[in-house]
Amino acid sequence: MQQIVNFIIRNKSFLFFLLLLSVSVGLTIQSHSYHKSKFINSANSVTGGVYNLSNSVSSYFNLKEENDKLHEENARLRAILNNQPSTTNTYIDTTTFGAKYKFTTGKIIKNSYSLQNNYLTINKGRRDSVKQDLGVISSKGIIGIIDNTNSKYATVISVLNTTNKISGQLKKTNHFGTLSWNGKSPRFIQLTDIQKNAKLTKGDTIITSGRSAIFPKGILVGQIEGYKLDFTKNYYEIEVKLFNDMTNLEHITIIENKDKKLIDNLLKTNE
């Protein structure tokens, strides 16, 4: 302890200079948006690199499990290509999307699911043509929407984020509503605004409705676990069990709607 005290006394001028420098840099970053933006982008690049390294190590010890997932996905793709009915309901029917959607594969290097507003970090960024408001899915369904990007990485607003709203519908009908999360279990999200005349059954599949420029129609979400009428007695509140295990994710696909800009400009004109 005495050596530490002596070190501080001997170098007090230099340490005081470092303190003042840190305070001045902090004040500069906070008061100038340009400097703040540069600092955040630099920090994201550094933390992204750390997360990527950590993820590479953990991935090595999960090779068997990941290989099993890849084999399962290959089986689903073969079923689609051969026009055979799939034995599972957890595949994405990419044959219905058309050419206006671009698909980019990637990996999750950081994931949160225990907060009220959860985010993921992926190993794709602007150099991979990834930008804000693109959809993110896995082989089993929706994961979230791209939020911020830098050159190499991007953050994703998870479906387990209370601010996220996605248009969903019943697979067997055209009744659609809003998918959101109540901040409770990471296994379930909620579907609201479904008219009470809709016929519901536990186990019915919920998909994306295609009524936005982010997700195509038909991306899997989950199955109905339970439902009840809301306080108005006119709409259902539906508990949806996610097909994705949001606590165990790695491989993802990013969806870009090539017509999104045209659609957004048209909506702005109408407004």
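These figures come from a predicted structure and were not determined experimentally.

A. How the structure looks around the overall build of the chain. Looking only at helices and strands, the chain has 5 helices and 12 strands in total. Out of the 271 residues in the chain, the part that is buried amounts to 35%. Restricting the contact set of the chain to residue pairs at least 6 apart, pairs at least 24 apart contribute 60%. Carbon together with sulfur atoms contributes 55% to the accessible area of the chain, which is approximately 16400 Å² in total.

B. Focus on the packing of aromatic side chains. Counted by the stated rule, this structure contains 1 aromatic pair. Ring geometry for Tyr227 versus Tyr236: centroids 5.6 Å apart, planes at 85°, classification edge-to-face. Take Tyr227: its relative accessible area is 39%, and that puts it in the partly exposed class. Using a relative accessible area of 14% as the deciding quantity, one classes Tyr236 as buried. Above the plane of the ring of Phe176 lies Arg211, whose end atom (NZ or CZ) is 3.8 Å from the centre.

C. Main features of the side chain of Asn257. Along the chain, Asn257 turns up in strand E12 (residues 251-257). Its relative accessible area of 5% is what places Asn257 among the buried residues. Of note is the side chain of Asn257, whose polar atom sits 3.4 Å from the backbone oxygen of Ala213. In this structure Asn257 touches Lys100, Tyr101, Ala213 and Ile263, once residues within four positions along its chain are discounted.

D. Expanded view of the side chain of Asn118. Examined against the element boundaries, Asn118 turns out to sit in strand E2 (residues 117-122). Here Asn118 falls in the buried class, since its relative accessible area comes to 0%. A polar side-chain atom of Asn118 sits 3.3 Å from a polar atom in the side chain of Ser112. Among all residues touching Asn118, those that are not within four sequence positions of it are Ser112, Tyr113, Val156, Ile157, Ser158, Leu160, Asn161 and Trp181.

E. Structural view of the sheet that holds strand E10 (residues 220-229). The 6 strands are arranged E6-E7-E8-E11-E10-E9 in a closed barrel whose pairing can be described as antiparallel. Between one strand axis and the next, the sheet turns through 40° on average, direction left out of account. Where strand E6 (residues 166-170) and strand E9 (residues 205-208) come together, 3 bridges link them in antiparallel fashion. Each residue of the ladder has a partner; that of Gly168, found in E9, is Thr208.

F. Representation of the pairing of strand E8 (residues 188-195) in the model. In this structure, strand E7 (residues 176-180) lies alongside E8, joined through 3 bridges in antiparallel fashion. Pairing of Thr178 across the sheet is with Thr192, part of E8. Bridge analysis of E8 against strand E11 (residues 235-242) gives 6 bridges, and the strand direction is antiparallel. Bridging from a neighbouring strand, Gln195 pairs with Tyr235 of E11.

About the cut-offs
Residues numbered from 1 in each chain as written. Predicted model: local features only at pLDDT ≥ 70, side-chain atom pairs only at ≥ 80, totals over all residues. Heavy atoms only, no water. Helix = DSSP H or I, 4+ residues; strand = E, 2+ residues; numbered from the N terminus. Buried < 20%, exposed > 50% of the residue type's maximum accessible area, 1.4 Å probe, protein only. Contact = heavy atoms within 4.5 Å. Areas by Shrake-Rupley, 256 points an atom, 1.4 Å probe, with all protein chains shown as cover. Phe/Tyr/Trp six-rings, centres within 6.5 Å; stacked < 30°, edge-to-face > 60°. Lys NZ or Arg CZ within 6 Å of the ring centre and 35° of its normal. Polar contact = N/O pair within 3.5 Å; in protein donor to acceptor, adjacent residues only side chain to side chain. Pairing = 2+ DSSP bridges. Axes fitted to C-alpha atoms, helices over the stretch in contact; angles between N-to-C directions.

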